Amino acid sequence: MTRRFLGVATLTLILAACGGGGAAPSAAPVSSPASAAPASKPAAAASGAASASAKPAASGAAAASGAAAASGSFDGTILLGAPLSLTGSTSNEGKLTKDGYDLWVDIINSKGGINVGGKHYKVEVKYYDDQSKQDQAALLTDKLISQDKVQFLLGPYGTASTFAASAISERNKVPMVDTAGAALSIFERGFKYIFGVLSPGVKYLTGVEDAWLAQSPKPTKAAVLSANDAFSLEVGKAASDYAKQKGMDVVYDQSYPADTKDLSSALNQVKAGGADVLIGSGHLDDSLVMMKQVKSLGINFKGIALSVGPSTPEFSKALGPDADYVMSGVQWVPEQKDKDAIIGSAQDYAQAFNKKYGYVPEYHNAEATAGGVVLQMAIEKAGSLDRDKVRDALAATDVDTFFGHVKFDSKGLNSDKPMVEIQLQNGGKLIPVWPEAAATGKVQWPMPAWNSR
Amino acid sequence: MQILQFLIDGLLLGGVYAAVAVGFALVFGIMNVINLAHGALIMLGAYVTFWLWKLVGIDPFLSIPISMVCIFCLGWLIQRFLINYVIRAPMLITFLMTFGLELLIVDLALNFFSADNRSVTTPLSGAPIQFAGITLPVVHFITLGIALLLTGLLGLFLARTRTGNAIRATSMDLDAARLVGIKIGQVYALTFAIGGAAAGAAGSLIILNYSMNPGGGEFYTLIGFVVCVLGGLGSISGALVGGLIFGIVQSMSQAFIGPAFQNAIAFGLLVVILLLRPSGILGKATA
Amino acid sequence: MIVLVLLAVPFAHNSYFLHLLTLMFAFAVMAEAWNLMGGFTGYPDFGLVVFFGLGAYTTGLLMTKQKAPFPVAFLAGGLLCCAFAILVGLLLLRLRGHYFAIATLGISQAVREIVANWPSVTGGGTGVSLPIPDFENNVFYYIMFGLLVIIVAFTWSISRQRLGFGLLAIREDELAAQVLGVNTLRYKVTAYATSGFFIGLVGGAYAYWVTFIDPDTIFNVGFSVEVIIMAVLGGAGSIAGPLIGAFVLTGVSEVLNAYVPSLHVTVLGAIIVLVVLLIPNGVIEYLGFKRKFTLRSIRSTLAATRI
């Protein structure tokens with residue numbers, strides 16, 4: 001009996017190890033395709049011709065370092081790791097993140113790779129699927145570090161997974177660039193090896209409130225509804241505090257359990273309180289439900305802001321014209337006026353991305369690519385692949401990128417980067433409306449009553 | 001007046017819960033099978049409505065019978081070719097099997113439908129009915145009506161038709177039922193299929209009122225389980241009453257205490273009722 | 001002998017393997033603990049995750065707020081769960097079968113909601129962030145391994161003593177057991193409290209291991225279901241069945257994840273369905289050479305459980 005069990009157990013463990021550790025066969029479908037591309041690109045930079053993988057019409061700097069790529073030789077490879085949600089509830093966002101990382105890899109490899117003290121290194125990213133589960137994210141981060149021996153880490157998708165994965169990377173002293181976990185709490189642990197390029201959760205909706213307060217008639221009473229998880233609570237509380245700070249009366253401020261499907265009673269209470277703007281901080285399904293119920297209960301607001309949802313295509317597809325006038329905060333829009341030497345401008349990025357993938361990028365893609373860009377800049381500044389030297393270089397980052405300005409504060413947070421506030425207009429088009437420097441349209445205010453649409 | 005509003009909100013919510021629980025109650029009550037895949041079937045029903053709405057433009061209310069038929073067939077197949085083979089094993093075994101099915105169905109849905117949240121709207125999704133200071137959302141109101149109708153029809157079917165009686169007979173005394181010539185295998189397949197049809201209808205109603213994604217059904221399995229026991233195991237009307245009460249409790253808590261505690265109160269109430277009246281609100285007093 | 005091999009694993013310096021095995025041991029302990037109630041006593045506990053979560057939160061909160069050292073917080077977690085189990089058990093163990101199952105489920109969800117909505121004490125939905133352990137991961141491996149050894153030994157020893165027989169008697173026919181003088185309430189509460197104690201300890205260790213806990217993950221209903229599945233798959237009511245189930249399920253899941261990443265859950269579900277059809281009494285039935293896995297045995301299994 002014991003022997004049989006031992007046999008079965010050993011067999012299972014061996015299979016798991018083979019599957020888990022075996023880099024080549026099983027990992028093939030998910031690891032970066034970028035490695036194949038650059039080698040087959042002779043003299044691309046010299047002739048300036050566009051090649052198979054995305055080549056932005058971008059920076060002149062490309063020509064110089066492109067010479068090395070032209071010869072197709074690198075002095076080595078830097079292996080990066082990223083646990084991503086390729087399946088599970090956040091699989092869409094995971095895919096968006098992966099596309100962002102892959103584009104960065106393509107771009108730099110075609111330009112000669114990362115310059116480490118004069119030597120040119122090719123970049124490869126090893127991916128594992130964390131199934132949108134944070135304990136898997138942690139397990140896989142461990143695997144990437146100890147088994148695959150990655151040099152640095154690119155972040156997973158989502159606050160929960162980033163939280164879990166960064167605990168592992170911190171323990172092993174491996175720098176991780178967080179591209180998709182926005183909760184402040186990730187950075188409140190005194191960690192030294194985590195750096196987040198995105199604006200923190202607290203900034204998501206305060207910009208919308210600014211936009212509203214600049215309209216007339218000004219809103220006076222706000223209602224806040226947050227889902228009960230770290231990220232949503234943070235966004236909701238920040239919005240609520242900011243509203244009070246700006247002199248609004250917050251008549252309703254409650255949180256709801258994560259899987260709540262029906263907010264009718266809460267919304268009826270909001271209505272009874274006389275709120276003229278609604279702020280919802282949750283996730284896509286709550287956003288959909290909230291919108292449907294606001295309409296079906298006939299509650300009219302001057303403005304509605306939702307933290308997550310409006311920027312996803314499914315939101316306007318599902319709601320149709322009901323989705324218009326809703327506002328949200330996004331980390332980046334293609335129209336913004338930022339640029340850098342590696343990617344070019346935000347518009348260049350959008351073009352290059354669309355060329356490679358066939359769709360216009362949104363902020364999930366951009367923030368991922370930005371993470372790669374920032375890591376690259378730090379490695380090049382440090383002139384070394386030593387983890388601690390690169391960590392120090394990351395901590396000292398203060399650069400403009402196509403994604404916005406990146407400067408990490410002492411906690412590793414990109415605390416000064418503003419969010420761009422968008423509004424869905426004219427049939428679900430995402431129009432940046434605030435701040436004015438990034439706006440391409442004006443805020444449509446107030447929201448028309450439901451029965452007059 | 002406000003209390004009345006919240007009471008109505010609760011009834012409307014309860015209508016959805018009742019629709020969810022009815023199918024679960026049938027399977028649980030007749031065959032003693034805890035169908036962990038119930039939520040997955042609900043999800044599939046929701047998707048049938050969604051795709052018909054999106055691709056062919058069929059009004060979601062009209063697609064309810066279609067989703068019922070689809071899930072009916074699926075349910076029949078599942079029972080006839082899978083569950084029937086382990087039905088006499090202890091309850092936890094069928095539990096395990098439905099668990100495996102749930103994993104399978106949800107993951108396939110995730111792969112084929114993507115993880116996106118889906119919702120549908122109808123021309124009726126617009127202005128609510130207003131009277132006496134009460135707001136009554138139209139779609140939600142119709143949903144309650146449909147849930148009541150389904151429960152009523154099911155009850156009538158079980159009580160008044162021959163097949164219905166056969167189904168009830170198998171739950172009362174299996175051997176006696178066999179002795180009078182009832183083909184248990186077919187009866188069970190039919191029962192599960194009907195439960196599936198109810199799940200399909202519930203799914204369509206859910207995507208009309210709320211939203212759905214591949215993983216969204218799990219929540220409703222839990223609701224089904226809880227409401228059934230609350231209302232009294234093995235009782236269809238119990239599922240209805242349990243659903244309405246659970247909805248009202250959640251709504252009232254949401255309104256007066258805040259959404260944060262609605263589940264704590266609802267589950268706390270469940271435990272209290274079980275301790276005071278273990279057979280549930282409408283259940284028969286056998287342990 | 002296997003024990004020696006397993007003890008030596010940390011020295012192989014493969015962090016991933018270590019992590020995986022630690023997780024397997026953790027599940028194995030919980031499956032064995034559930035088995036005491038669900039397998040031996042016949043009272044299926046569907047709310048076992050409440051102990052996991054309470055253990056995790058107790059350990060986490062004591063360590064962050066009271067700056068308690070880990071061993072103290074860890075044990076406190078287990079003891080709190082034990083006390084909780086006794087209190088709740090006295091209330092709920094009067095219910096039978098499905099009702100007990102749902103009541104425990106209800107309690108676990110109610111506790112989850114309370115924890116999620118009491119920010120001043122528990123941090124609410126934001127969760128608790130534990131300090132980073134200053135020792136190696138090996139320690140967690142040994143903790144889980146140790147717990148597993150203890151609980152298996154415990155299960156084995158009680159199965160040969162009064163308590164074990166009493167529990168089995170309760171499972172088979174509670175009324176008869178009472179009539180024969182078995183103090184059913186005391187035995188049931190003992191089993192429930194022990195079960196809670198061990199699961200609470202696993203929760204406490206788990207919290208420190210992953211350093212971050214929040215109500216939705218740590219009190220997740222699906223978790224209870226997974227543990228029950230492992231116990232039943234391996235063979236509920238036996239001594240080694242649950243741990244085998246835990247190993248097999250976790251291992252198969254990992255292997256599938258490596259080979260068929262986008263469909264691995266589908267395949268896992270399909271495997272479970274097949275296993276249930278063909279081996280409903282749990283894998284252990286075949287491991288003990290009690291039966292041979294032939295076509296004939298499959299047919300007879302189906303004949304026993306089908307319509």
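Residues numbered from 1 in each chain as written. Chains lettered and ligands numbered in written order. Predicted model: local features only at pLDDT ≥ 70, side-chain atom pairs only at ≥ 80, totals over all residues.

### Structural notes on the overall build of chain A
Across its full length, chain A carries 16 helices and 17 strands. Evaluated residue by residue, chain A yields a buried proportion of 62% over its 453 residues. Sequence-distant contacts in chain A: of pairs separated by 6 or more residues, those separated by 24 or more amount to 70%. (Helix = DSSP H or I, 4+ residues; strand = E, 2+ residues; numbered from the N terminus. Buried ≥ 20, exposed ≤ 12 C-beta atoms within 10 Å, placed from the backbone. Contact = placed C-beta atoms within 7 Å.)

### Topic: the nonpolar core
If you look at the biggest cluster of nonpolar residues, it comprises 370 residues, and the most contacted ones within it are Ala21, Val22 and Leu96 of chain B together with Val29, Met30, Met144 and Val202 of chain C. Tallying contributions element by element places helix H2 (residues 15-40) of chain C first for this core, with 19 residues. When residues of this core are assigned to domains, at least three fall in each of domain 1 (48-199 + 335-407) and domain 2 (203-330 + 419-452) of chain A. Excluding residues that lie within four positions of it along the chain, leucine 96 of chain B makes contacts with Ile229, Val232, Leu233, Ile272 and Val276 of chain C. (Core = buried A, V, L, I, M, F, W, Y, C linked by C-beta atoms within 7 Å. Domains from an automatic or database assignment.)

### Description of the interface of chain B and chain C
Facing the 39 residues of chain B at the interface are 37 residues of chain C. For the side of chain B that touches chain C, the elements supplying multiple residues, two or more each, are helix H4 (91-113), helix H8 (184-209), helix H9 (217-231) and helix H11 (262-276) of chain B. In terms of residue count, the dominant contributor to the side of chain B that touches chain C is H4 of chain B (12 residues). Counted by class, the side of chain B that touches chain C contains 31 nonpolar, six polar and two charged residues. (Nonpolar A, V, L, I, M, F, W, Y, C, P; charged D, E, K, R; others polar.)

### Re the domain arrangement of chain A
Residues and elements named next belong to chain A. In terms of domains, chain A is made up of domain 1 (48-199 + 335-407) and domain 2 (203-330 + 419-452). On the side of domain 2, 11 residues touch domain 1, which itself brings 10 residues to the contact. Of the residues belonging to the side of domain 1 that touches domain 2, the class tally is four nonpolar, four polar and two charged.

### As for the sheet that holds strand S16 (residues 420-425) of chain A
All names here are of chain A. The strand order across the open sheet built from seven strands is S8-S7-S9-S10-S11-S16-S17, with neighbouring strands paired in mixed fashion. Unpaired on one side and paired on the other, strand S8 (249-256) and strand S17 (429-434) mark the two borders of the sheet. Mean inter-strand twist for the sheet, computed between neighbouring axes without regard to direction, equals 25 degrees. As paired strands, strand S11 (residues 326-330) and S16 are joined by four bridges and run antiparallel to one another. Bridged to glycine 329 within S16 is glutamate 421. In this fold helix H10 (residues 230-245) packs onto strand S7 (221-227), S8 and strand S9 (277-281), with an angle of close to 165 degrees to the strand it touches most, S7. Packing against the sheet, helix H11 (residues 264-273) makes contact with S7, S8 and S9, and its axis sits at approximately 175 degrees to S8. (Pairing = 2+ DSSP bridges. Axes fitted to C-alpha atoms, helices over the stretch in contact; angles between N-to-C directions.)

### Points about the environment of glycine 89 of chain C
With respect to the secondary-structure elements, glycine 89 of chain C resides in helix H4 (residues 70-92). Separated by 104 residues in the primary sequence, glycine 89 of chain C and alanine 193 of chain C have C-alpha atoms spaced 7.8 Å apart.

### Section: the confidence of the model for chain A
Residue and element names in this part refer to chain A. Confidence in the prediction of chain A, expressed as mean pLDDT, is 82, and 84% of residues score 70 or more. Of all helices and strands in chain A, the one with the weakest mean pLDDT is helix H2 (residues 24-27) (27), whereas strand S4 (residues 152-154) scores best (96). Low pLDDT (under 50) marks residues 16-71, which in the prediction has 100 contacts with non-local residues, meaning those over four places away or in another chain. (pLDDT = per-residue confidence, 0-100.)

### Re the pairing of S8 of chain A
Residues and elements named next belong to chain A. Relative to S8, S7 runs parallel, the two sharing seven bridges. The residue of S8 that forms the bridge with leucine 225 is glutamine 254. Viewed along the sheet, the connection from S7 through H10 into S8 turns out right-handed. (Right-handed = clockwise from strand over helix to strand, strands pointing away.)

### Let's talk about the sheet that holds strand S3 (residues 119-129) of chain A
Residues and elements named next belong to chain A. Ordered in space as S2-S3-S1-S4-S5-S6, the six strands form an open sheet in which the pairing is mixed. Two strands in the sheet have a free side with no partner beyond their single neighbour: strand S2 (114-116) and strand S6 (194-196). The mean angle between the axes of side-by-side strands here comes to 35 degrees, regardless of whether they run parallel or antiparallel. Across two bridges, S4 lies against strand S5 (residues 176-178) in parallel orientation. In the sheet register, leucine 154 faces S5, and the bridge partner there is valine 177. Sheet contacts for helix H8 (residues 159-171): strand S1 (76-84), S4, S5 and S6; angle to S5, the most-contacted strand, approximately 160 degrees.

### Here's the deal with H8 of chain B
Compared with the 38 Å implied by 1.5 Å per residue over 26 residues, the 37 Å span of H8 of chain B between its first and last C-alpha is a close match. In terms of residue burial, H8 of chain B counts as a mostly covered element, since 23 of its 26 residues are buried. (Expected span 1.5 Å × (residues − 1).)

### Let's talk about the pairing of strand S14 (residues 398-401) of chain A
Two strands pair when backbone bridges link them, and S14 of chain A and strand S15 (residues 404-407) of chain A are joined in this way by four bridges, in the antiparallel orientation. In the strand pairing of S15 of chain A, threonine 401 of chain A is matched with glycine 404 of chain A.

### Considerations on the environment of proline 200 of chain A
Residues and elements named next belong to chain A. Turning to its location among the elements, proline 200 is positioned in the loop between S6 and helix H9 (206-213). For proline 200 and leucine 288, which are 88 residues apart along the polypeptide, the C-alpha to C-alpha distance reads 24 Å. Sequence-distant contacts of proline 200, that is, excluding residues within four places in its chain, are made with Ala182, Leu184, Leu413 and Ser415.

### Quick notes on the packing of H9 of chain B against helix H5 (residues 97-116) of chain C
Between H9 of chain B and H5 of chain C, the shortest axis-to-axis distance is 10 Å and the interhelical angle comes to 120 degrees. As the angle between them shows, H9 of chain B and H5 of chain C are arranged oblique. Handedness of the crossing formed by H9 of chain B with H5 of chain C: left-handed. Between H9 of chain B and H5 of chain C, the contacting residues are Phe225, Val226 and Val229 of chain B on the first element and His98, Tyr99, Ile102 and Gly106 of chain C on the second. Each residue belonging to the contact of H9 of chain B with H5 of chain C can be placed in one class, and the counts come to five nonpolar, two polar and no charged. (Parallel < 35°, antiparallel > 145°, perpendicular 65-115°, else oblique. Left-handed = near helix turned anticlockwise from the far one by under 90°.)

### Regarding unusual backbone geometry
Residue and element names in this part refer to chain A. Cis geometry is adopted by the peptide bond preceding proline 217, which originates at serine 216 and carries an omega value of 0 degrees. Within the secondary structure, proline 217 is located in the loop between H9 and S7. Here the amide bond leading from tryptophan 445 into proline 446 is cis, since omega sits at -10 degrees, within 30 degrees of zero. Along the chain, the position of proline 446 falls in the segment after S17. Even without a glycine there, the phi angle at lysine 149 is positive, about 55 degrees.

### Let's talk about the environment of leucine 7 of chain C
All names here are of chain C. Examined against the element boundaries, leucine 7 turns out to sit in helix H1 (residues 2-8). Residue classification places leucine 7 among the partly exposed residues on the basis of 13 C-beta atoms within 10 Å. In this structure, the C-alpha to C-alpha distance between leucine 7 and glycine 146, residues 139 residues apart in sequence, is 9.8 Å.

### What about H10 of chain A?
Residue and element names in this part refer to chain A. The end-to-end C-alpha distance of H10, which contains 16 residues, comes to 22 Å, matching closely the 22 Å that a straight helix rising 1.5 Å per residue would cover. Of all the 16 residues making up H10, 12 are buried; the element is thus mostly covered by neighbouring parts of the structure. Along H10, the positions that sit buried rather than exposed are Ala230, Phe231, Ser232, Leu233, Glu234, Val235, Gly236, Ala238, Ala239, Ser240, Tyr242 and Ala243. In this structure, the buried side of H10 is in contact with H8, H9, S7, S8 and S9. One or two residues past the end of H10 sits glycine 247, with phi positive at roughly 90 degrees.

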